[in-house]
Amino acid sequence: MRTKADNEITLEFPSRSSNEGFARSAVACFAAQLDPTLNELEDIKTAVSEAVTNAIVHAYPDSIGKVWVKARIFPGNVLELTIKDHGRGIPDVERAREPMFTTGGEERSGMGFTIMESFTDQLAVRSASGKGTTVTMKKKLAARMKASK
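What you are looking at is a predicted structure, and each value in this text was computed from that prediction instead of being measured.

Draft legend 1. Focus on the pairing of strand β4 (residues 122–128). Pairing of β4 with strand β5 (residues 132–140) involves seven bridges; the strand directions are antiparallel. When the sheet's bridge partners are listed, Gln-122 is paired in β5 with Lys-138. Two successive antiparallel strands, β4 and β5, enclose a turn made up of three residues, where Gly-130 displays a positive phi of approximately 80 degrees.

Here you go:
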């Protein structure tokens, strides 16, 4: 049985680099309801930034397409982030997940998936050539005591 999300948002925007900061900030604002530490919030923002940048740079290298970001909160302070595109896809996901591998040229580090994996608890990548890529990340945030009134 699938667990129902307590809350969720979905964003859709053109694959312009100027929208990466918007996605990063919007997800951080949404995640704030879980009362994350500053370190947890930075981890979330970094993971979103990497995933959205990958979609912008690699999915649509010669055109503007759509990027979708979904953030969902599940019981137990679990934040799930899904970044999706309908771009060119990744021919070999396992190879793409190797540190330092890139198809983006010299200015790219090839560390996007490695960074996403290190800043979240779980990372899944699904892709099909010519159909797009879906990156799903989960992060469990520390529960904090609520101040009593």
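Draft legend 2. Structural view of the sheet that holds β5. Overall, antiparallel pairing links the five strands, which are arranged β1-β2-β3-β5-β4 in an open sheet. This sheet does not close on itself; its edge strands, each paired only once, are β1 (7–14) and β4. Between one strand axis and the next, the sheet turns by 10 degrees as a mean value, whatever way the strands run. Note: strand β3 (residues 78–85) against β5, eight bridges, orientation antiparallel. Within β5, the position partnered with Leu-79 by the bridge is Lys-139. Contacts between helix α1 (residues 18–31) and the sheet are confined to β1, β2 (66–74) and β3, with β1 contributing the most and set at about 175 degrees to the helix.

Draft legend 3. Representation of the packing of aromatic side chains. Inspection of every chain in the model, using the stated rule, returns one aromatic pair. Aromatic pair Phe-13 and Phe-22: ring centres 6.2 Å apart, planes at 90 degrees, arrangement edge-to-face. Given a relative accessible area of 43%, Phe-22 falls into the partly exposed group.

Draft legend 4. Broad picture of the nonpolar core. Within the largest apolar cluster, 32 residues are counted, with the highest numbers of intra-cluster contacts made by Ile-44, Val-52, Val-69, Leu-79, Leu-81, Ile-83 and Met-137. Looking at this core, the elements with two or more residues in it are β1, α1, α2 (38–59), β2, β3, α4 (112–119), β4 and β5. A per-element tally of this core places α2 first, with eight residues. When neighbours within four sequence positions are excluded, Leu-79 is seen to be in contact with Phe-30, Ala-31, Leu-34, Ile-44, Arg-72, Ile-73, Met-137, Lys-138 and Lys-139.

The rules behind these values
Residues numbered from 1 in each chain as written. Predicted model: local features only at pLDDT ≥ 70, side-chain atom pairs only at ≥ 80, totals over all residues. Heavy atoms only, no water. Pairing = 2+ DSSP bridges. Helix = DSSP H or I, 4+ residues; strand = E, 2+ residues; numbered from the N terminus. Axes fitted to C-alpha atoms, helices over the stretch in contact; angles between N-to-C directions. Contact = heavy atoms within 4.5 Å. Phe/Tyr/Trp six-rings, centres within 6.5 Å; stacked < 30°, edge-to-face > 60°. Buried < 20%, exposed > 50% of the residue type's maximum accessible area, 1.4 Å probe, protein only. Core = buried A, V, L, I, M, F, W, Y, C linked by side-chain atoms within 4.5 Å.

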